[in-house]
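What follows is each chain in one-letter form.
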Amino acid sequence: MSITLGIFIVILLITLGITYWAAKRTSTTADFYAADSRLTAAQNGFALAGDWCSAAAFLGFTGLTALYGMDGAFYALGPLVAFCTVLFLIAEPMRNTGKYTLGDVIRSRMQTRASLLAAIVGTVVVNFAYLMPQMAGAGVLVRLLTGISYDWAVIFVGVSMIVYVAFGGMLATTWVQIVKAVLMLSAGAIILVMILSLVHFNPLTLFADAEQKYTAKYLLPGNYLKNPFDQISLGLGYTLGLAGLPHVMTRFYTVPDAKTARRSVVWVMFLAGAFFAGTTLFGLAAANFVGQDVIRAADKGGNLTLPLLAQYLGGGKGSFGGDLMLGFVAAVAVATILAVVSALTLSTSGAIAHDFYVNWVKRGQVEGKQEVWIARVATVVIGVLAIALGILAQGVNVAVLVILAICVAASANFPVLILSLFWRRFNTGGVVGGMTVGLVSSVVLATIGPAMRGADALWPLVNPTIASLPLGFIGAVLGTFMWGRDAENEQRFDAFLLQVHTGVAPG
Amino acid sequence: MAGDGTSLEAAHASVKALIAVKLKYLVPMTIIFMVGYIGLTILAGFAKGLMGTKIIGSVNLGFVLIAFNYMLSWMLAIVYGRIAADKFDPLAAKAAAEITGRGN
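In what follows, the accompanying structure is described.

What counts as what
Position numbers for residues start from 1 in each chain and track the written sequence from start to end. Numbering of ligands from 1 and lettering of chains from A proceed in the order in which they are written. pLDDT decides what is reported in this predicted model: residues at 70 or higher carry local features, side-chain atom pairs at 80 or more are listed and counted, and totals for whole chains, interfaces and linings draw on all residues regardless. With hydrogens and water stripped out, all remaining heavy atoms of the structure feed into the side-chain values. Joining through side-chain atoms within 4.5 Å is the link that ties buried Ala, Val, Leu, Ile, Met, Phe, Trp, Tyr and Cys residues into a set, and such a set is a nonpolar core. Burial here depends on accessible area, computed with a 1.4 Å probe over protein chains only, as a share of the maximum for the residue type. Under 20% is buried, over 50% is exposed, and the range in between is partly exposed. Contacts: residue pairs with any heavy atoms within 4.5 Å of one another. In this description a helix means any DSSP run of H or I spanning at least four residues, a strand means any run of E spanning at least two, and both kinds are numbered starting from the N terminus. Positive residues here are Lys and Arg, negative ones are Asp and Glu, while His and the chain termini are left out of the count. Salt bridges are identified by distance alone: a Lys or Arg side-chain nitrogen within 4 Å of an Asp or Glu carboxyl oxygen. Two N or O atoms count as a polar contact when they lie within 3.5 Å, although within protein this holds only if one can serve as hydrogen donor and the other as acceptor, and sequence-adjacent residues are included solely when both atoms are side-chain atoms. A quick way to say it: buried area is the sum, across both parts, of accessible area lost when two parts are put together, with a 1.4 Å probe. All amino acids are sorted into three groups, where Ala, Val, Leu, Ile, Met, Phe, Trp, Tyr, Cys and Pro are nonpolar, Asp, Glu, Lys and Arg are charged, and the leftover types, Gly among them, are polar. Pairing of aromatic rings covers Phe, Tyr and Trp, the last counted by its six-membered ring, and requires centre-to-centre distances within 6.5 Å; plane angles under 30 degrees mean stacked, over 60 mean edge-to-face, and any other angle means tilted. Expected helix span is taken as 1.5 Å per residue step, with the number of steps being one fewer than the number of residues. A pocket here means an open set of points on a 1 Å grid, computed over the protein atoms alone, that has protein on both sides within 12 Å along at least five of seven lines. A cavity is instead a set of points where a 1.4 Å probe fits but cannot get out; residues with an atom within 4 Å of a point line either one. Grid points are joined across faces, edges and corners, and a volume is the space filled by probe spheres set on the points.

## Considering the nonpolar core
Then step 1. Ile 191, Phe 276 and Leu 309 of chain A are the most contacted members of the largest nonpolar core, which totals 210 residues.
Then step 2. The residues touching Ile 191 of chain A, leaving out its near neighbours within four places in the chain, are Phe 282, Leu 306, Leu 309, Ala 310, Leu 313, Met 325 and Val 329 of chain A.

Here is the structure:
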């Protein structure tokens, strides 16, 4: 415990130092939301890796693999494949058309208040659905690691996140992400080398030992996701949903141009992809060395698998090496949560302060200096709300919210964004229709599904994306046709296309 | 700041050409990774026996295909970077210059 706390305090001091440094460089709106678009491809790549690897990825994938075998490896592969979607379709157009938010892109295409409002709703729902389980997870994790109570743990995480974002804006958030990504990748590399040295650098041994210990069934698919359609649904949710997460999309505004945005995606694909691939080996190693019974005893969901594996590799319980490794991994896990909640808070602040207050309520009539203050105030309000929700979430099943975040992103945000960028006839009716149908079908199907109702589920799939994604697209297309022809919008599309593909707005 | 009529028209033509080139490369590449990954999830759901076929030692077909998907994603990322730099960027730069009126 004391080693964990010690390492964590060092990480906290470093991040506060970064915030102090960043705060002095954050004075304009562009600084606050987009770090003045001056990051390099490598910096943004590391920060994206930080965004992408939430605690669910850092701790969850290893745990799932350890307990359920191949299904855990599917979970880990999904985010990497998702980056193909981001790389081919999203990153460069986002950089070219928006300024700070998803709302910016929709607004510059449609130029209507209703479509902006729809984009705001999509962003806020996804971000809060994502934020709440992260806060609850932080509460459990910090309590487990340091012994302080759940409520105080949530408050501590919330206050740190408010400080990073309100003072340091995107620059501080980015560097917190980078520090966390470096720590996470180093932890992964150390663990990998230690595992490989135990199996004489032959990773095949890990599979053979696992088969011997848990029979060949362990290495088959379907141990976790029993319904075949759930596998496919999860795959769809991952490949398209992660491309619809607002806090990830806004990262592309932090680089100067489309080429840098593209290169930063290639960076993250190698950084995060390598880590995700590693979690599959970590999971098998944990099942072999630590054992499923010990893992389940520590946490039913397997979320403490990686810390337990690290402890084993360091020399076991009670040894100095074991405590040191456990402390290091646990501290990185807390840093992971801090970095992700900060990014979510900043992105939500963009939707509330920039999209809603400045562009919707005030119709853009706000001075630059004032807008930064509005953003900071919004950050504090959102942070306090997140703390309250995190405390309320104690003991509540928040798993459904994680599913919901990905599902809404895939079924509402993704269709609307893609059609905005590539379909001439797409109009305000389509934005509102796609957002509404995608959102409502995701929420309804997720709440009547097994994640919420267990055996009484009225709908068989944990992850509803396979149904809600087509519904979202249908809603967008129907909405477009019901709205009727919008000649002005279709004419403007040519100019918009120039901007999407070159980054230069005509006129 | 704005270009005159003719150079804007040239920009529209250049972007049209750029979109055509992008479609030519991105449609097949998107199909490749979607088929690769969604195909994998379909096999995992409906062909468990096949996925359990041993390939190397205890490593079964499922894990081999997962590894293949990692390689495929990384390869596509590198290929996309190359294609974008060679084929897309020059056209985008040409169109951008035409928009700002400093074209040709």
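Okay, back to it.
## Considerations on the side chain of Arg 95 of chain A
Residues and elements named next belong to chain A.
Then step 1. Looking at the secondary structure, you find Arg 95 in helix α5 (residues 70–97).
Then step 2. Put simply, Arg 95 is tucked away with no salt bridge, and the nearest opposite charge, on Asp 257, sits 7.4 Å away.
Then step 3. Separated by 3.1 Å, the side chain of Arg 95 and the backbone oxygen of Tyr 253 make a polar contact.
Then step 4. If sequence neighbours within four positions are ignored, Arg 95 has contacts with Ser 37, Phe 252, Tyr 253, Val 255, Pro 256, Asp 257, Ala 258 and Ala 261.

## Section: the interface of chain A and chain B
Then step 1. Listed by partner, the interface residues are 50 residues for chain A and 49 residues for chain B.
Then step 2. Together, the buried faces of chain A and chain B total about 4,400 Å²; carbon and sulfur atoms form 79% of this surface.
Then step 3. Taken together, the connections running from chain A to chain B amount to two salt bridges.
Then step 4. One salt bridge in this structure joins Glu 211 of chain A and Lys 54 of chain B, with 2.7 Å as the shortest N-O distance.
Then step 5. Our count for the contact surface shared by chain A and chain B stands at eight residue pairs in polar contact (both at pLDDT 80 or more).
Then step 6. When contributions to the side of chain A that touches chain B are tallied by element, the ones reaching two or more residues are α5, α9 (204–214), α10 (228–241), α12 (258–289) and α21 (487–502) of chain A.
Then step 7. Of all the elements, α5 of chain A adds the most residues to the side of chain A that touches chain B, at 13 residues.
Then step 8. When grouped by side-chain class, the residues that make up the side of chain A that touches chain B number 34 nonpolar, 11 polar and five charged.

## A word on the pattern of salt bridges
Then step 1. Summed over all chains, the structure comprises nine salt bridges over all chains.
Then step 2. The partner of Asp 104 of chain A in a salt bridge is Arg 107 of chain A, with the nearest N and O atoms 3.3 Å apart. Note that Asp 104 of chain A and Arg 107 of chain A are positioned in helix α6 (residues 102–110) at a spacing of three residues, about one turn of the helix.
Then step 3. By relative accessible area, Arg 107 of chain A is classed as partly exposed at 29%.
Then step 4. With a closest N to O distance of 2.8 Å, Arg 262 of chain A and Asp 89 of chain B form a salt bridge.

## Regarding the packing of aromatic side chains
Residue and element names in this part refer to chain A.
Then step 1. Overall, the coordinates contain 28 aromatic pairs over all chains when judged by the stated rule.
Then step 2. Summarising the aromatic geometry, the rings of Trp 423 and Phe 426 are spaced 6.1 Å apart at their centres and angled 25 degrees between planes, so their arrangement reads as stacked.
Then step 3. For Trp 423, a relative accessible area of 23% translates into the label partly exposed.
Then step 4. In textbook terms, an aromatic cluster arises when at least three aromatic residues are bridged by ring pairs, as seen for Phe 61, Tyr 68, Tyr 75, Tyr 224, Tyr 238 and Phe 276.

## What about the environment of Leu 439 of chain A?
All names here are of chain A.
Then step 1. Relative to the helices and strands, Leu 439 is located in helix α18 (residues 428–448).
Then step 2. Overall, the relative accessible area of 15% leaves Leu 439 in the buried class.
Then step 3. The sequence separation of Leu 439 and Val 408 amounts to 31 residues, and the corresponding C-alpha distance is 5.5 Å.

## Side note on helix α3 (residues 41–52) of chain A
All names here are of chain A.
Then step 1. With 12 residues, α3 extends 16 Å from end C-alpha to end C-alpha; this agrees with the ideal 16 Å at 1.5 Å per step.
Then step 2. The buried count for α3 comes to nine of 12 residues, which makes it a mostly enclosed element.
Then step 3. Residues of α3 that are buried include every one of Ala 41, Asn 44, Gly 45, Ala 47, Leu 48, Ala 49, Gly 50, Asp 51 and Trp 52, and no others.

## What to know about the layout of surface pockets
Space left empty within the atom packing is revealed by a probe, the size of a water molecule, rolled over the atoms.
Then step 1. The space that makes up the second largest pocket amounts to roughly 630 Å³.
Then step 2. Together, 31 residues line the second largest pocket, and Phe 422, Leu 497 and His 501 of chain A together with Ile 19 and Leu 23 of chain B are the ones closest to its centre.
Then step 3. Listed by contribution, the elements that provide at least two residues to the lining of the second largest pocket are α5, α17 (399–422), α20 (465–483) and α21 of chain A together with α1 (5–46) of chain B.
Then step 4. Per-element accounting of the lining of the second largest pocket gives the leading share, 12 residues, to α1 of chain B.
Then step 5. The residue inventory of the lining of the second largest pocket, partitioned by class, reads 22 nonpolar, four polar and five charged.

## Focus: empty space enclosed by the protein
Residues and elements named next belong to chain A.
Then step 1. Per the stated rule, a full pass over the model turns up two cavities of 30 Å³ or more.
Then step 2. Here the largest cavity is characterised by a volume of approximately 80 Å³.
Then step 3. In terms of lining residues, the largest cavity is bounded by 13 residues, among which Tyr 33, Met 170, Thr 250, Leu 346 and Ser 347 are the most central.
Then step 4. Contributing elements (two or more residues each) for the lining of the largest cavity: α8 (150–198) and α15 (320–361).
Then step 5. Top element by residues in the lining of the largest cavity is α15. It accounts for four residues.
Then step 6. As for the second largest cavity, its lining consists of Phe 8, Ile 11, Thr 15, Tyr 164, Val 176, Ala 335 and Leu 338.
Then step 7. Listed by contribution, the elements that provide at least two residues to the lining of the second largest cavity are α1 (2–24), α8 and α15.
Then step 8. When residues in the lining of the second largest cavity are grouped by element, the largest group, three residues, is from α1.
Then step 9. The class makeup of the residues in the lining of the second largest cavity is six nonpolar, one polar and no charged.

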